[in-house]
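Structural overview
The primary structure of each chain is shown beneath.
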Amino acid sequence: MTNPQRTPYVGGNWKMNTDLSTGRELALAVSRGVSASKAQVAVFPPFVYLQEIGRALREANSRVLLGAQDVYFEASGAFTGEVSIAMLKDVGVRVVLTGHSERRHVLGESDELVGKKTRAVLASGLECILCVGEKLEERTAGQTDRVNERQLRAALTDLPAEHAARLTIAYEPVWAIGTGKNATPADAQDAHAKIRGVLSSLLGGEAARSIRIEYGGSVKGSNAAELFAQPDIDGGLIGGASLKAEEFCAIVNAAG
Ligand code: PGA
């Protein structure tokens, strides 16, 4: 991390894991374990536990932000099973993930849908972490930067400048998620620098310099410092390792 304009940012994406009591304990253990860090920290519990975990964090006067793993872009109505931005705000959510690779590739979300969600979140005043990244066959075919650019353009074209202030990007190569195979720091840095270039062309140089780009995909306590030392890597989005408080806190503390 070389740019002091960008506070390091680490998120713990719990995915479809924990139950109410282990989730509450995990959030509180994270909160205690990151109290000395200067990094911004968010946890992303399953929807049904957001309210209770938000309450536990508030009662502990925690600086850990409450995040949601997904959202729907419409305000209300006949959208069975979906959750609106207002509902998330109601329970204290501050930041929302959009375009996570499991939403794109397991649940079938299109670039267009991810774009609608991203714009709606940013317009609402909440923070958004937009996830992008290539699949293994795309990397092998030399298409990494093209895929990232396509996903960024689909979500961010014509985004108002004031909305960009609430945006973070997570670069998560799909082949590195949950596989134990992280991108090398040099490969991740290269992708991040290209992403920052696309942000510059879409949103202007100043916005591009201030937007955090997290790396995600098999980040652990043992490889975090090396990744976060790269000039365009501003923190991480952590899956598996975010379920163990000690490991997650080691990653946060490696960020700053
Ligand atoms: P992982 O997941 O850390 O388990 O690889 C990262 C993510 O999906 O955000």
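Presented here is a report on the structure given in the accompanying data block. Residue positions within a chain follow its written sequence, with the count starting from 1. Two thresholds apply to this predicted model, a pLDDT of at least 70 for residue-level local features and 80 or more for giving and counting side-chain atom pairs, whereas whole-chain, interface and lining totals are computed over all residues. Based on all heavy atoms of the structure, the side-chain values leave hydrogens and waters out of the count.

Observations regarding the side chain of Arg212
A run of H or I in DSSP becomes a helix once it reaches four residues, and a run of E becomes a strand once it reaches two; helices and strands are each numbered from the N terminus. Along the chain, the position of Arg212 falls in strand E7 (residues 212-216). It is Glu127 that comes nearest to the buried, bridge-free Arg212 among opposite-charge side chains, at 4.5 Å. Think of a polar contact as two N or O atoms within 3.5 Å of one another; within protein, one of them needs to be a possible hydrogen donor and the other a possible acceptor, and neighboring residues in sequence only count if both atoms come from side chains. A polar side-chain atom of Arg212 sits 2.7 Å from the main-chain carbonyl oxygen of Thr7. We call two residues in contact whenever any of their non-hydrogen atoms come within 4.5 Å of each other. Leave out the neighbours within four places in its chain, and Arg212 touches Arg6, Thr7, Pro8, Tyr9, Gln40, Glu127, Leu167, Thr168, Ile169 and Asp234. For the exposure calls, accessible area comes from a 1.4 Å probe over protein chains only, and a residue counts as buried if that area is under 20% of its type's maximum, exposed if over 50%, partly exposed in between. In summary, the charge assignment counts Lys and Arg as positive and Asp and Glu as negative, without counting His or the chain termini. For this analysis, a salt bridge means a side-chain nitrogen from Lys or Arg found within 4 Å of a carboxyl oxygen belonging to Asp or Glu.

Considerations on the nonpolar core
The term nonpolar core refers to a set of buried residues drawn from Ala, Val, Leu, Ile, Met, Phe, Trp, Tyr and Cys, joined through side-chain atoms within 4.5 Å. One finds Leu152, Leu156, Ile169 and Leu199 to be the most contacted residues of the largest nonpolar core, which totals 67 residues. Considering each element in turn, this core owes the most residues, seven residues, to helix H9 (residues 185-203). Setting aside chain neighbours within four positions, we find Leu152 in contact with Leu130, Val132, Thr157, Ile169, Ile195, Val198, Leu199 and Leu202. Counting residues in each nonpolar core, the second largest holds 10 residues, with Ala42, Phe44, Leu65 and Ile129 among its members.

Side note on the environment of Ala154
As for its placement among the helices and strands, Ala154 is situated in helix H7 (residues 144-156). Its relative accessible area of 30% is what places Ala154 among the partly exposed residues. Along the primary structure Ala154 and Leu113 are separated by 41 residues, whereas in three dimensions their C-alpha atoms are 9.3 Å apart.

Points about the packing of helix H1 (residues 20-33) against helix H12 (residues 245-255)
Note on geometry: axes are lines fitted to C-alpha atoms, helical ones only across the stretch in contact, with angles between N-to-C directions running from 0 to 180 degrees. Running from N to C, H1 and H12 point in directions that differ by 35°, and their axes come no closer than 9 Å. With respect to the hand of their crossing, H1 and H12 are arranged in right-handed fashion. On H12, the residues touching Leu26, Ala29, Val30 and Gly33 of H1 are Ala245, Phe248, Cys249 and Asn253. Note on residue categories: nonpolar means Ala, Val, Leu, Ile, Met, Phe, Trp, Tyr, Cys or Pro, charged means Asp, Glu, Lys or Arg, and polar means any other residue, Gly included. By residue class, the composition of the contact of H1 with H12 is six nonpolar, two polar and no charged. What makes a crossing left-handed is the near helix being turned counterclockwise from the far one by less than a right angle; a clockwise turn instead makes it right-handed.

Side note on the site of the ligand
Each residue is tested against the molecule or strand, and it is near if at least one of its non-hydrogen atoms lies within 4 Å. Looking at the ligand, there are 13 residues lining it, with Lys15, His100, Glu172, Gly178 and Ser218 nearest. With respect to the ligand, the side chain of His100 contributes an N or O atom lying 2.6 Å from an oxygen atom. Interatomic distance of 2.6 Å between a backbone N/O atom of Gly178 and an oxygen atom of the ligand. Protein contacts shield 95% of the accessible area of the ligand, which totals 280 Å² for the unbound molecule. Taken together, the residues of the shell around the ligand sort by class into four nonpolar, seven polar and two charged. Where accessible areas are quoted, they stem from the Shrake-Rupley method and a 1.4 Å probe; at the residue level, only the protein chains shown are allowed to cover.

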